[in-house]
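Reading the structure
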Amino acid sequence: MAVDSHLSSPLDPPACDKDSKALLFIEEMTRETGAVQERVLGEILFRNAETEYLRRFQLNGATDRDTFKSKVPVVTYEDLQPDIQRIANGDRSSIFSAHPISEFLTSSGTSAGERKLMPTIHEELDRRQLLYSLLMPVMNLYVSGLDKGKGLYFLFVKAETKTRGGLLARPVLTSYYKSEHFKTRPYDPYNVYTSPNEAILCADSFQSMYTQMLCGLLMREEVLRVGAVFASGLLRAIRFLQLHWQQLAHDISAGALNPKITDPALRDCMSKIIVKPNPELSKFITQECSGENWEGIIPRIWPNTKYLDVIVTGAMAQYIPTLEYYGGGLPLSCTMYASSECYFGLNLKPMSNPSEVSYTIMPNMCYCEFLPHEPDAPAVSRDSPPPLVDLADVEVGKQYELIITTYAGLCRYRVGDILQVTDFYNSAPQFRFIRRKNVLLSIDSDKTDEAELQKAVDNASALLQEFNTSVIEYTSYADAKSIPGHYVIYWELLVKELANPPTHEVLNLCCLAMEESLNSVYRQSRVADNSIGPLEIRVVKNGTFEELMDYAISRGASINQYKVPRCVNSSPIVELLDSRVTSVHFSPAPPQWNPEQRRCWPHA
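In this text, all values refer to a predicted model and were calculated from it rather than measured experimentally.

Some remarks on the confidence of the model for the protein chain
The pLDDT averaged across the protein chain works out to 89; a share of 92% of its residues lies at or above 70. Confidence, expressed as mean pLDDT per element, reaches its minimum in the protein chain at strand β1 (residues 103–111) with 72 and its maximum at helix α14 (residues 297–301) with 98. The low-confidence segment residues 1–8 (pLDDT under 50) makes 20 contacts with residues lying over four places distant or belonging to another chain. Below a pLDDT of 50 lies the segment residues 596–604, which in the model reaches 12 contacts outside its immediate sequence neighbourhood of four places, other chains included.

Notes on the domain arrangement of the protein chain
Domain annotation of the protein chain identifies domain 1 (17–122 + 338–436), domain 2 (144–305) and domain 3 (441–586). Contacts between the two partners involve 17 residues from domain 2 and, on the opposite side, 14 residues from domain 3. Both faces combined, the contact of domain 2 with domain 3 buries some 1,200 Å², and carbon together with sulfur accounts for 57% of it. For the domain 2 face of the interface with domain 3, the top three residues by lost area are Lys 158, Phe 230 and Arg 236, together amounting to 43%. Counting across the interface, domain 2 meets domain 3 through three salt bridges.

Quick look at the pattern of salt bridges
With the rule as written, the count across this model stands at 35 salt bridges. Asp 390 serves as the salt-bridge partner of Lys 69, at 2.9 Å between the closest nitrogen and oxygen. Note that Lys 69 is positioned in helix α4 (residues 65–71) and Asp 390 in strand β13 (residues 389–390), a separation of 321 residues in sequence. A residue is classified by how much of its surface remains accessible, and Lys 69, at 25% relative accessible area, is partly exposed. Exposure remark for Asp 390: the relative accessible area of 12% places this residue in the buried category. Here Glu 160 makes a salt bridge to Lys 178, at a shortest N to O gap of 2.9 Å. Linking Glu 160 in the loop between β3 (150–154) and β4 (161–162) with Lys 178 in the loop between α7 (172–177) and α8 (180–183), this pair joins segments that are 18 residues apart in sequence. The exposure class of Lys 178 is partly exposed, given its relative accessible area of 26%. Through salt bridges with shared partners, a single network forms among Glu 38, Arg 65, Lys 69, Glu 369, Asp 390 and Arg 412.

Digging into the sheet that holds strand β19 (residues 469–479)
With mixed pairing, the four strands of this open sheet are ordered in space as β19-β20-β21-β22. Of all strands in the sheet, those with a lone pairing partner are β19 and β22 (581–586), marking the two edges. Between one strand and the next, the sheet's axes are offset by a mean angle of 25°, whatever the strand orientation. Two elements, β19 and strand β20 (residues 486–495), share 10 bridges in a ladder whose sense is antiparallel. Across the sheet, residue Thr 475 finds its bridge partner in β20, namely Tyr 490. Across the sheet, helix α16 (residues 450–461) is in contact with β19 and β20; its angle to β19 comes to roughly 135°.

Topic: the sheet that holds strand β12 (residues 367–373)
Backbone hydrogen bonds are what pair the strands of a sheet, in a parallel or an antiparallel way. Ordered in space as β9-β10-β11-β16-β15-β14-β12-β13, the eight strands form an open sheet in which the pairing is antiparallel. Strands with a single pairing partner mark the edges of an open sheet, and in this sheet they are β9 (336–338) and β13. Inspection of the sheet shows β9 paired to strand β10 (residues 343–346) by three bridges, in the antiparallel sense. Within β10, the residue paired with Met 336 across the bridge is Leu 346. Of the strands in this sheet, β12, β14 (399–405) and β16 (428–436) touch helix α2 (residues 33–47), which is tilted by about 110° from β12. On top of the sheet, helix α6 (residues 124–139) reaches β9 and β10; it is set at about 10° to β10, its chief contact.

Observations concerning the side chain of Ser 333
By the element assignment, Ser 333 lies in strand β8 (residues 332–333). For Ser 333, the side chain forms a polar contact with the main-chain oxygen of Pro 350, separated by 3.0 Å. Setting aside residues up to four positions removed in sequence, Ser 333 forms contacts with Met 139, Tyr 307, Leu 308, Asp 309, Val 310, Pro 350 and Met 351.

With respect to the pairing of strand β7 (residues 307–311)
Along β7, five of the five residues are buried, which leaves the element largely enclosed by surrounding structure. Neither face of β7 is open: one carries Tyr 307, Asp 309 and Ile 311, the other Leu 308 and Val 310, and all of them are buried. Judged from the four bridges that link them, strand β6 (residues 223–230) and β7 form a sheet pairing that is parallel. In the sheet register, Gly 227 faces β7, and the bridge partner there is Asp 309. Sheet topology places β7 next to β8; two bridges connect them, and they run parallel. Counted as the bridge partner of Asp 309 is Ser 333 from β8.

Observations regarding the packing of helix α11 (residues 231–254) against helix α13 (residues 279–289)
Two measures define how a pair of helices packs: the angle their axes make with one another and the distance between the axes. In contact at an axis separation of 8 Å, α11 and α13 are set at 165° when each is read in the N-to-C sense. The orientation of α11 with respect to α13, classified from their angle, is roughly antiparallel. Considering how the two elements wind past one another, α11 and α13 form a crossing that is left-handed. Between α11, through Leu 241, Trp 245, Ala 249, His 250, Ile 252 and Ser 253, and α13, the contact on the second element is made entirely by Pro 279, Leu 281, Ser 282, Ile 285, Thr 286 and Cys 289.

Side note on the nonpolar core
Soluble globular proteins tend to pack their nonpolar side chains together in the buried interior. Judged by nonpolar contacts, the single largest core of 159 residues is most densely connected at Leu 241 and Phe 370. Sort the elements by how many residues they give to this core and α11 lands first, with 11 residues. Contacts of Leu 241, omitting those with residues within four sequence positions, involve Met 213, Leu 217, Leu 248, Cys 289, Trp 294, Ile 301 and Trp 302. Counting residues in each nonpolar core, the second largest holds 26 residues, with Leu 440, Tyr 474, Ile 489 and Val 506 among its members.

Cut-offs applied
Starting afresh in each chain, residues are numbered from 1 along the sequence in its written order. It should be noted that, the model being predicted, local features are given only for residues of pLDDT at least 70 and side-chain atom pairs only at 80 or more, the latter also being counted only at that level, while totals for whole chains, interfaces and linings use all residues. To obtain the side-chain values, all non-hydrogen atoms of the structure were included, while hydrogens and water were left out. Values of pLDDT, which run from 0 to 100, indicate the predictor's confidence residue by residue. Where helices and strands are cited, they refer to DSSP runs of H or I of at least four residues and of E of at least two residues respectively, numbered from the N terminus. Contact between two residues is taken to exist if any of their heavy atoms lie within 4.5 Å; hydrogens are not considered. An automatic or database domain assignment supplies the start and end points of every domain. In short, buried area is how much 1.4 Å probe accessible area vanishes from two parts on joining, totalled over both. By convention in these notes, a salt bridge is any Lys or Arg side-chain nitrogen within 4 Å of a carboxyl oxygen on Asp or Glu. Relative accessibility decides the category of a residue: with a 1.4 Å probe and only protein chains considered, values under 20% of the type maximum give buried, values over 50% give exposed, and everything between is partly exposed. When DSSP finds two or more bridges between a pair of strands, those strands are recorded as paired. Helix axes are fitted to C-alpha atoms over the stretch in contact, other axes to C-alpha atoms as well, and angles between N-to-C directions run from 0 to 180 degrees. The definition of a polar contact used here is a pair of N or O atoms within 3.5 Å, where within protein one atom must be able to donate a hydrogen and the other to accept one, and adjacent residues in sequence count solely through side-chain atom pairs. Our angle categories are set so that under 35 degrees counts as roughly parallel, over 145 as roughly antiparallel, 65 to 115 as roughly perpendicular, and the remainder as oblique. With the far helix as reference, a near helix turned anticlockwise by less than a right angle produces a left-handed crossing, and one turned clockwise produces a right-handed crossing. Joining through side-chain atoms within 4.5 Å is the link that ties buried Ala, Val, Leu, Ile, Met, Phe, Trp, Tyr and Cys residues into a set, and such a set is a nonpolar core.

Structure representation (structure tokens):
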């Protein structure tokens, strides 16, 4: 399978005939990116021509790109919310899609504090399954022998709710795991899990995690890869092991299941897995887990692990040092790019360094357009946005906001992701995920986004390296109650040498290092305008962010899709964080600011 001469193909040779078909499909799709996109848009417009939404814009059955782009507007969730609410309330007319809306997928993002409801259709499961089927054929090109063992993946479902009109509303992963596509998936030696379906499908998060961890321990020699959806999920599993290893070791020694596992289907399933006592394994787990040193705990317990399969791009990048600590240097693999709105693509070089991860959008998944994004440019007027660029026409090095049109009926929908083009594979562009398009913090005319805050935390945490300490979790809020207001950053630290923790003075300097990393508008507000007070870091007890996640789950968040919010403003959450503070630190001096930069300020 040759590719364009300026590229080296990652897709040869396949591990087996099944992989060969999958890799050939990737080749075909990426070679004809423009043509596939045109076909996809035509199919979507043809099938949905009589929907209420498209009839509003008087396409009159047109299926060509030019008509579509000239008549259908670019929209946000807020624009669609009234129609989505009609569907949720029971309106079964063809509003967005000619196919019936099968359920709502609840986004981890929010709109005015509420989870977004994304309408979907049943056949979207086929497209998701198709993308999943491409992951292992690509991975097998880089890691051999994955058919000789199993994957220890911590996967979870959340009990779904129903809208007033009777439609299910649940996270996209819950929808997939509960589907027949997942539950009756054919046996694939390259894709076997240690966790039985009953453990994954158990709605009780403790029982699900406990039995999945127990299965992983019982089959420790067979485990070749360890993973979760997000890096935070895998770290949550390690934290669970730290808290419950004694109970797990007891079950293994006794050959019996913890009575806290009460789900009948799960107990019945586990009775076939825990078949006899294994005191030798129990003793091994006790030896590994009873000590204070958990560095490299994953390969110590699962010695045949070849890589960790977790998303560590975007906001998850801050988990990399902690994963490297527990993973003992195991490679971190990011395999796919997806959202509640649509599954998009995969990483054709899944063993690349996390900082170099790029995703190839498969052109058959949806129709993609891209709004050029200049990081330092003034905000784009909604009334006169720049022309959108098609998938095959984006340029290497440039950043774009992703706009999608889906088979389920979303048209020119702003997902909110900012992507940067890194390269092309055949005629398909490859993208690095930069960030979600959201401003996190603002006190005055300053605007700090997630990427900038992440950079500031990274720069400040470098001061902790000499103390063998790292920031394992953080969030922030703009404290406008103080005069002047100031940024508050909550840090949870991993102190690896308890006898040598970072000093109070060093943590104060971390505050200053963060301020030095923030934009010139912030620094001007601090230095010249005095409209922002010194940045504050509040160090919280270990386990605080796990409590924060438990709180979010209790309020309806999905354990699969939960991501620590990088900015919080809910009073109960701030109160929880403040009740766990162990030390408080402020910037000891104003940051550097050059008045000559005034002419370069962005518009407020």
